[in-house]
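Working through the structure, step by step
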Amino acid sequence: RGMAIAFTLNSIIETSRSILLICRHNVRDTYALSRTLFDATLNIGHYSIDSDLVQKAIKHASQKSFRDLFREVNLQNGTTINNISDIDNFPIPDGLKEAFNEFTNSKNKEIREWSPESKMNVFKKIHLISSEIDESIGNVLNFCLFSIYRHSSEVIHGTLFGSFFGLGFNLIDKTNNVKNPKEHEKYIYNMNAYLMHVLNLLLETSLKIVNQNYPIPDTLKSSRGYTNHLSKMATNSKTVD
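Residues numbered from 1 in each chain as written. Predicted model: local features only at pLDDT ≥ 70, side-chain atom pairs only at ≥ 80, totals over all residues. Heavy atoms only, no water.

A few points about the packing of aromatic side chains
The criterion, for reference: Here is the rule: rings of Phe, Tyr and Trp (six-membered ring for Trp) pair when centre to centre is within 6.5 Å. Planes less than 30 degrees apart are stacked, more than 60 are edge-to-face, and the remainder are tilted. Charge-over-ring placement is defined geometrically: NZ (Lys) or CZ (Arg) within 6 Å of the ring centre, and within 35 degrees of the ring normal.
If you walk through the whole model with that rule in mind, you get six aromatic pairs. Counting every residue linked through ring pairs, the aromatic cluster contains Phe66, Phe70 and Phe100. Between the NZ or CZ atom of Arg35 and the centre of the ring of Tyr149, over which it lies, the distance is 4.0 Å. Here the guanidinium or amino end of Arg67 rests over the ring plane of Phe100, the centre of that ring lying 4.1 Å away.

Set out below in structure tokens:
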């Protein structure tokens, strides 16, 4: 569990740094990457709830790494090929073979989801974490979901709505549309100032989840200070010209 949480926290740190690098320049990418932070936090919650889910995640990672060794692309017709024909003839550890078979369906195709819980919709995932860990954590996750998920999904899938959102353009309420570079700069500032507040709540929540198994009171205290500071910044940004 400690290993799974630590690696996931490291990925959260990397993505957070990327968001800080681009937040002065655009909205679309910051929201797209925020979805990564949100999903990673949900996974940390799952690891904290059930050690069996940790084993599932490790098996999923092991067999996926193994499958990567045999993936090829036919440049003539553009098809993807997986050359694993008979796993039983491979001299590999029993644990890896077991993981491979566990994530292979009856049609000899890879099972993509890493756990039954990962197939849940996002609301059920939050409900599980809320009921097993703390209701207040679930409330923050629902707030972050409301603030991030809808728009980040549109951006990630490359929809026209996502493109409009990045530019501050609205087909219905045209009175508030961005009209020039200066207004676009203000739009980026205001949207990302609010997003920084949301993400800090999300990151603080991930620390609270970690705290369930690995107490970190001093880190939580520092995090609360940053959260209060960013909350004031987000509030003040609403009045920026």
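A short note on the packing of helix H6 (residues 135-156) against helix H8 (residues 181-211)
Applicable threshold: An axis is simply a line fitted to the C-alpha atoms; with a helix, the fit covers only the stretch in contact. Between two such axes, the angle follows the N-to-C directions and lies from 0 to 180 degrees. A run of H or I in DSSP counts as a helix once it spans at least four residues, and a run of E counts as a strand once it spans at least two, with each numbered from the N terminus. Each crossing is labelled by how the near helix is turned from the far one, with a counterclockwise turn of less than a right angle marking it left-handed and a clockwise turn marking it right-handed. Residue contacts are counted whenever heavy atoms from the two residues lie within 4.5 Å of one another.
At their nearest, the axes of H6 and H8 sit 10 Å apart, and the two run at 150° to each other. Handedness of the crossing formed by H6 with H8: left-handed. Along its contact with H6, which presents Ile137, Val140, Leu141, Phe143, Cys144, Ser147 and Ile148, the element H8 presents Tyr194, Leu195, Val198, Leu199, Leu201, Leu202, Thr205, Lys208 and Ile209.

As for the nonpolar core
Looking at soluble globular proteins, one finds that nonpolar side chains tend to be buried together. Our working rule: For our purposes a nonpolar core is just a set of buried Ala, Val, Leu, Ile, Met, Phe, Trp, Tyr and Cys residues, chained together by side-chain atoms within 4.5 Å. When accessible area is computed with a 1.4 Å probe and restricted to protein chains, residues below 20% of their type maximum are described as buried, those above 50% as exposed, and intermediate ones as partly exposed.
Ranked by size, the top nonpolar core spans 39 residues in total, and within it Phe38, Leu141 and Leu199 carry the most contacts. Every element with two or more residues in this core is listed here: helix H1 (2-22), helix H2 (28-49), helix H3 (51-68), helix H5 (122-132), H6 and H8. Here this core takes nine residues from H8, the largest share from any one element. By size, the runner-up hydrophobic cluster in this structure holds seven residues, among which are Phe70, Ile84, Ile87 and Ile92.

So, the state of the cysteines
What counts here: Disulfide: a pair of cysteine sulfur atoms within 2.5 Å of each other.
Per the counting criterion, the structure on display carries zero disulfides. In this structure Cys23 is a free cysteine whose sulfur lies 17 Å from that of Cys144, the closest cysteine sulfur available. We classify Cys23 as buried; its relative accessible area is 15%. Of the residues examined, Cys144 reaches a relative accessible area of 0% and is grouped as buried.

So, the environment of Thr219
Within the secondary structure, Thr219 is located in helix H9 (residues 217-237). On the basis of relative accessibility, which here comes to 38%, the residue Thr219 falls in the partly exposed class. Sequence separation between Thr219 and Lys208 is 11 residues, and the spatial gap between their C-alpha atoms is 9.7 Å.

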